[in-house]
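Geometric and topological summary
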Amino acid sequence: MERRIAERKSIEGVRFSELTALDDYNMIADTGVIIDASPSGFLVQIERGNIVQRDLKVTLSLETLIGRPVALFLPQMNLDLDGHITRAKHLGKGTFEIAIQFSMEVPEYWRECLVDLLPDPGEFEY
């Protein structure tokens, strides 16, 4: 198991859409939020109601997703991110947390720049 060496940055919840498994192109969740990120990967939260695949929706475990290649879309930035799922757990009350490690094809410099661009908590007023 690979150990985290990059410092994680808590961010203002950045919405994503269409978390899709790249091995079979089935959508896993229609929307969710990125809650922290680092140059090595990012952490997302998904509500049970946003999970699309029925077999995943009826269980309280998303561990079957570990190791799968995935992609998601950030509409605010018009950007696709891809990587593979390294961890998945149920936090309770229908909220799931999924850790995604960036694909090796994504240059480190680009990943560092992306993390710098993601909003800090409280950066935007609503």
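Above this text sits the structure in question.
All of the points below concern the structure found in this document.

**Details of the sheet that holds strand β6 (residues 95-102)**
Spatially, six strands are ordered β1-β2-β3-β6-β5-β4 in a closed barrel, and the strand pairing comes out antiparallel. Direction aside, the axes of adjacent strands within the sheet are offset by 45° on average. Across six bridges, the pairing between strand β4 (residues 69-74) and strand β5 (residues 79-92) is antiparallel. Its bridge partner lying in β5, P69 is registered against H84. Where helix α2 (residues 108-117) meets the sheet, its contacts fall on β1 (9-21), β2 (27-38), β5 and β6, and the angle it forms with β5 comes to roughly 65°.

**Examining unusual backbone geometry**
In this model, N78 sits at a positive phi of 50°, which is unusual for a non-glycine residue. With respect to the helices and strands, the residue N78 is situated in the loop between β4 and β5. Unlike most non-glycine residues, K93 shows phi in positive territory, near 50°. In this structure, K93 sits in the loop between β5 and β6. K93 gets classed as exposed once you look at its relative accessible area, which sits at 86%.

**Examining the pattern of salt bridges**
For the coordinates displayed, the defined rule picks out three salt bridges. Across the salt bridge formed by E97 and R87, the nearest N and O atoms sit 3.3 Å from each other. Taken together, the residues E97 in strand β6 and R87 in strand β5 connect sequence positions ten residues apart. Taking relative accessible area as the criterion, E97 reaches 12% and is therefore assigned buried. In this structure, a network of salt bridges that share partners links the residues D23, D24 and R68.

Here is what the cut-offs are and how they apply
Residues numbered from 1 in each chain as written. Predicted model: local features only at pLDDT ≥ 70, side-chain atom pairs only at ≥ 80, totals over all residues. Heavy atoms only, no water. Pairing = 2+ DSSP bridges. Helix = DSSP H or I, 4+ residues; strand = E, 2+ residues; numbered from the N terminus. Axes fitted to C-alpha atoms, helices over the stretch in contact; angles between N-to-C directions. Contact = heavy atoms within 4.5 Å. Buried < 20%, exposed > 50% of the residue type's maximum accessible area, 1.4 Å probe, protein only. Salt bridge = Lys/Arg side-chain N within 4 Å of Asp/Glu carboxyl O.

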